[in-house]
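# Structural description and commentary
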Amino acid sequence: MKGWHVSDNKSETDYAAIVFAETRGQAHTLAMRTDACADAEWIDVRVIRAPTLDGAYRGLWEMDWFNAEDRIALVRDANFVCSYEMDYTDCDQCPATEYCGRYESMHEEGE
């Protein structure tokens, strides 16, 4: 299975998801079922290959931010980060801290 980065082009946030499918069309269909694209119009859904996440496929059609193994892969291999609205003190419990580009800056801002 191939990894695909899906997002809503009309969204004001950079909220996105990773889905697994064999083709771009299949990924587009799956994207409409994600939280990131649930309210999007079909034409506004952006689907881009994410080959660095092909190896993260574990039998599920979508990666789960709340699964530690998935979060590490998302942060390490696709540069995903938490929302700026997150409380920086939560960083210490995050399994992907060592790969996070925002971790150090969150701590500096919080001090």
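Residues numbered from 1 in each chain as written. Predicted model: local features only at pLDDT ≥ 70, side-chain atom pairs only at ≥ 80, totals over all residues. Heavy atoms only, no water.

### Let's talk about the sheet that holds strand β3 (residues 45-49)
- Strand order in the open sheet formed by three strands is β2-β1-β3, and the pairing between neighbours is antiparallel. Of all strands in the sheet, those bounded by a partner on one side alone are β2 (16-21) and β3. This sheet shows a mean twist of 30° between the axes of neighbouring strands, independent of strand direction.
- As paired elements, strand β1 (residues 2-8) and β2 share six bridges and run antiparallel to each other. Its bridge partner being in β2, W4 is matched across the sheet by V19.
- Running over the sheet, helix α1 (residues 24-31) touches β1, β2 and β3 and is turned about 135° from β2. (Pairing = 2+ DSSP bridges. Helix = DSSP H or I, 4+ residues; strand = E, 2+ residues; numbered from the N terminus. Axes fitted to C-alpha atoms, helices over the stretch in contact; angles between N-to-C directions. Contact = heavy atoms within 4.5 Å.)

### Examining helix α2 (residues 68-78)
- Of all the positions in α2, only D70, R71, A73, L74 and V75 are classed as buried.
- Where α2 begins, the capping side chain belongs to N67, and its oxygen is found 3.0 Å from the backbone nitrogen of E69.
- Just downstream of α2 lies N79, where phi reads positive at about 60°. (Buried < 20%, exposed > 50% of the residue type's maximum accessible area, 1.4 Å probe, protein only. Polar contact = N/O pair within 3.5 Å; in protein donor to acceptor, adjacent residues only side chain to side chain.)

### Considering the pairing of β1
- The buried fraction of β1 amounts to five of the seven residues, a majority that puts the element mostly inside the structure.
- Pairing of β1 with β3, which is carried by five bridges, proceeds in the antiparallel orientation. Its bridge partner being in β3, V6 is matched across the sheet by V47.

### So, the pattern of salt bridges
- Counted according to the given criterion, the structure contains three salt bridges.
- Between D54 and R49 there is a salt bridge, with the nearest N and O atoms lying 2.9 Å from each other.
- We classify D54 as partly exposed; its relative accessible area is 26%.
- Judged by relative accessible area, R49 falls into the partly exposed class, the value being 30%.
- Residue R58 is joined to D70 by a salt bridge in which the shortest nitrogen-to-oxygen separation is 2.8 Å. Remark: D70 occurs in helix α2 and R58 occurs in the loop between β3 and α2; sequence separation between them is 12 residues. (Salt bridge = Lys/Arg side-chain N within 4 Å of Asp/Glu carboxyl O.)

### Re the nonpolar core
- Judged by nonpolar contacts, the single largest core of 13 residues is most densely connected at W4, V6, V19, A27, C37, V45 and V47.
- Elements with a minimum of two residues in this core: β1, β2, α1 and β3.
- Residues contacting C37, with those up to four places away along its chain left out, are V6, S7, D8, A31, M32 and V45. (Core = buried A, V, L, I, M, F, W, Y, C linked by side-chain atoms within 4.5 Å.)

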